[in-house]
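Next come the chains, spelled out residue by residue.
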Amino acid sequence: MISERKLPVSRRALLRFGAIGAGSLLLAGCDDAVSENPRILSLIDKASALTYRAQRLILPRDKLAPEYAESDIAPQFRANGSTSPSDPAYRKLAAGDFADWRLMVGGLVERPMQLSLAELRALPASTQITRHDCVEGWSCIGKWTGTPLSEVLNRAGVKPQAKFVVFHCADRLQDGAPDDFEPGESDSADSGGVPYYESIDFVDAYHPQTLLAYELNGQTLPIAYGAPLRLRLGRQLGYKMAKYVMRIELVASFAQMGGGNGGYWEDLGYEWYAGT
Ligand SMILES: Nc1nc2c(c(=O)[nH]1)N[C@H]1C(S)=C(S)[C@@H](COP(=O)(O)O)O[C@H]1N2
Ligand SMILES: [Mo]
């Protein structure tokens, strides 16, 4: 079911990739020093050495990612990847403060639904101060508020055949080798490109720190960070945390979707299970 292939992106390429970001985008409160951050280096090693199955055996299902104090929050959270989708339908929704936006929930569910932001905000909410680790080698601590994904899944009613939750996003990124990608430079060109998407299994989908976040640091989620709704996971790397989520689809397999590897970066060679 889950591919056991090794990460084809070399660690050297990842570090070079990280070095570009570290040089160009230093922000107070975010830890950018990839070469001095042994934890990030070791998690890159871990991501390539351990299979998904091994990680799932080692980690208790509900093991929580560390949570931090208000004083640990980065003064400015770093934005990465798409920061302003150019899709016309998205721009129109953004112009209306997402009043007309609806989260579509479909696929292998008993009750397909559409939820407005007001409806999501009316569901039980959860707030957490957690650290975001990007595969490029930087980390940032932020306070996220949103609806636990489990609240939405329970209302939609997950069919027994469903194995994965897929997040379809509003933005498109240029396809290409990770070496060609300039972090933060994806937006001007996203009218062509490939739609961003991600997928997780039900261990993560029902994990208490898995949120559909609509606030960052007590403010309505800004567009740069994925407005109106983005995924937050406690225990995986940044690229899993889909921004600009438009549609959630429950599937038995993602083999027929995109490049067949379960996510935009996965289709370019990154691990599907990006455990930290
Ligand atoms: N839709 C979408 N989601 C995305 C991305 C993206 O380009 N598009 N980039 C990913 C990567 S690599 C990271 S590190 C985080 C960045 O989130 P931030 O901008 O809030 O820091 O979003 C992830 N989710
Ligand atoms: Mo990332």
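Structural data are supplied above this passage.
The following paragraphs examine the structure supplied in this document. Keep in mind that what you see is a predicted model, and the values were worked out from it rather than measured. (Residues numbered from 1 in each chain as written. Chains lettered and ligands numbered in written order. Predicted model: local features only at pLDDT ≥ 70, side-chain atom pairs only at ≥ 80, totals over all residues. Heavy atoms only, no water.)

The next point concerns the side chain of Asp133. Here Asp133 is to be found in strand 4 (residues 126-133). On the accessibility criterion, Asp133 (4% relative accessible area) is buried. A polar contact is formed between the side chain of Asp133 and the side chain of Arg131, at a distance of 2.9 Å. (Helix = DSSP H or I, 4+ residues; strand = E, 2+ residues; numbered from the N terminus. Buried < 20%, exposed > 50% of the residue type's maximum accessible area, 1.4 Å probe, protein only. Polar contact = N/O pair within 3.5 Å; in protein donor to acceptor, adjacent residues only side chain to side chain.)

Tracing the sequence through the fold places Gly81 in the loop between helix 3 (52-58) and helix 4 (88-95). As for Gly81 and Leu173, which are separated by 92 residues in sequence, their C-alpha atoms are 8.3 Å apart.

Among the nonpolar cores identified, the biggest contains 59 residues, and Leu103, Leu149, Val165, Phe167, Leu212 and Ile248 are the most heavily contacted of them. In contact with Leu149, other than residues within four places in its own chain, are Val165, Phe167, Ile200, Ala205, Thr210, Leu211, Leu212 and Ile248. (Core = buried A, V, L, I, M, F, W, Y, C linked by side-chain atoms within 4.5 Å. Contact = heavy atoms within 4.5 Å.)

Our focus in this paragraph is the sheet that holds strand 11 (residues 245-251). As summarised here, the arrangement of the five strands in space is 3-2-11-6-7, forming an open sheet in which the pairing is mixed. Where the open sheet ends on each side, the last strands, each with one partner, are strand 3 (113-115) and strand 7 (194-201). Going from strand to strand, the sheet's axes swing by 20° on average, the running direction of each strand aside. Sheet strands touched by helix 6 (residues 149-156): strand 2 (103-107), strand 3, strand 6 (164-173), strand 7 and strand 11. Its angle to strand 3, the strand with the most contacts, is close to 145°. (Pairing = 2+ DSSP bridges. Axes fitted to C-alpha atoms, helices over the stretch in contact; angles between N-to-C directions.)

Any functional reading would require information beyond the geometric quantities listed.
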